[in-house]
Amino acid sequence: MTLLGAQTFTAPTTVSLGTLSLGSGASLAGGAINVNGGTLRAVDNNTIGVSGSPVVTIGDNGSLSLQTGGINTLLLNTATPASNVLNFSSSVASGFKVDLLGSTSDLVTIGSGLVNVGSAAVTINANALGQLTAGTRTIMTSANGGLNAGGGFVLDQTTGNFGGSQLSLTNLGTSLVLNVTAAPAAPSVLYFNGSQDNNFSTFTGGNTNNSNFSTDAAGTVNALAAPEPRTPRHTQ
């Protein structure tokens, strides 16, 4: 389900299965949003808390996602700054999903209010939209801190497309920062074997960076790299 435009309702909303998306230009007023097993997704530059005091709770196996194949932002505000505006309250792992592109990334900003993280760590799933440049990306900020409380946040470094780069996470309490080490230069000759799919730019396995290319004609040694514009490539 996708919401469009300014939504003024304040009744509680529950997502148990599937995805509730905030579409282009969508915003929500102050109301409780409970995500239990589903996904709350921002697909543009969206705001929750245009008025009132919303509380977004990401519960058991739920996720907060900005992954759409583009770069998005989500702003959360509350009229009662001393209260929680974002809860990751589960004792079961919940998720936070972001895209990265070039030198940029998705961003969640807690403008006012507090963040509460339960006893289980929140798993960050990152997805690179092509190759990344080296440097840092801030993916969440909270002026009042709280990001390193409870189980905190952990980056899943074993799954996903990192674009050939190496990613790590720094949690400063008031911000979550992804550190990107750029992909190394590709080997001088690559052989396309389609071991992951049919795309030149696909990587899997997070920091392992399995690719669709090998360094040998037999296709037994994964190159862990994708070709650069002038890299000779062969199809097996």
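These figures come from a predicted structure and were not determined experimentally.

Here is what the cut-offs are and how they apply
Residues numbered from 1 in each chain as written. Predicted model: local features only at pLDDT ≥ 70, side-chain atom pairs only at ≥ 80, totals over all residues. Heavy atoms only, no water. Pairing = 2+ DSSP bridges. Helix = DSSP H or I, 4+ residues; strand = E, 2+ residues; numbered from the N terminus. Phe/Tyr/Trp six-rings, centres within 6.5 Å; stacked < 30°, edge-to-face > 60°. Buried < 20%, exposed > 50% of the residue type's maximum accessible area, 1.4 Å probe, protein only.

A.B. asks: How would you summarise the sheet that holds strand 5 (residues 27-28) if you had to cite specific residues and measurements?
C.D. replies: Read from one edge of the open sheet, 8 strands run 2-5-8-11-15-18-21-20, paired in mixed fashion. The open sheet is flanked by strand 2 (6-7) and strand 20 (166-171), the only strands paired with a single partner. Looking at chain direction, strand 2 and strand 5 are connected through 2 bridges and run parallel. When the sheet's bridge partners are listed, A6 is paired in strand 5 with S27.

A.B. asks: Which residues make up the packing of aromatic side chains, and what are the values?
C.D. replies: With the rule as written, the count across this model stands at 4 aromatic pairs. Ring centres 5.5 Å apart and planes at 80 degrees place the aromatic pair F88 and F153 in the edge-to-face group. With F88 in strand 12 (residues 84-88) and F153 in strand 19 (residues 153-155), the pair connects residues that are 65 residues apart, well separated along the chain. Just as F88 is buried, F153 falls in that class too. Centre to centre, the rings of F192 and F213 are 5.3 Å apart; their planes meet at 70 degrees, and the pair counts as edge-to-face. With F192 in strand 22 (residues 190-192) and F213 in strand 25 (residues 213-214), the pair connects residues that are 21 residues apart, well separated along the chain. One exposure class covers both F192 and F213, and it is buried. What links up through ring pairs into an aromatic cluster is the set F192, F200 and F213.

The values are spatial; any link to function lies outside them.
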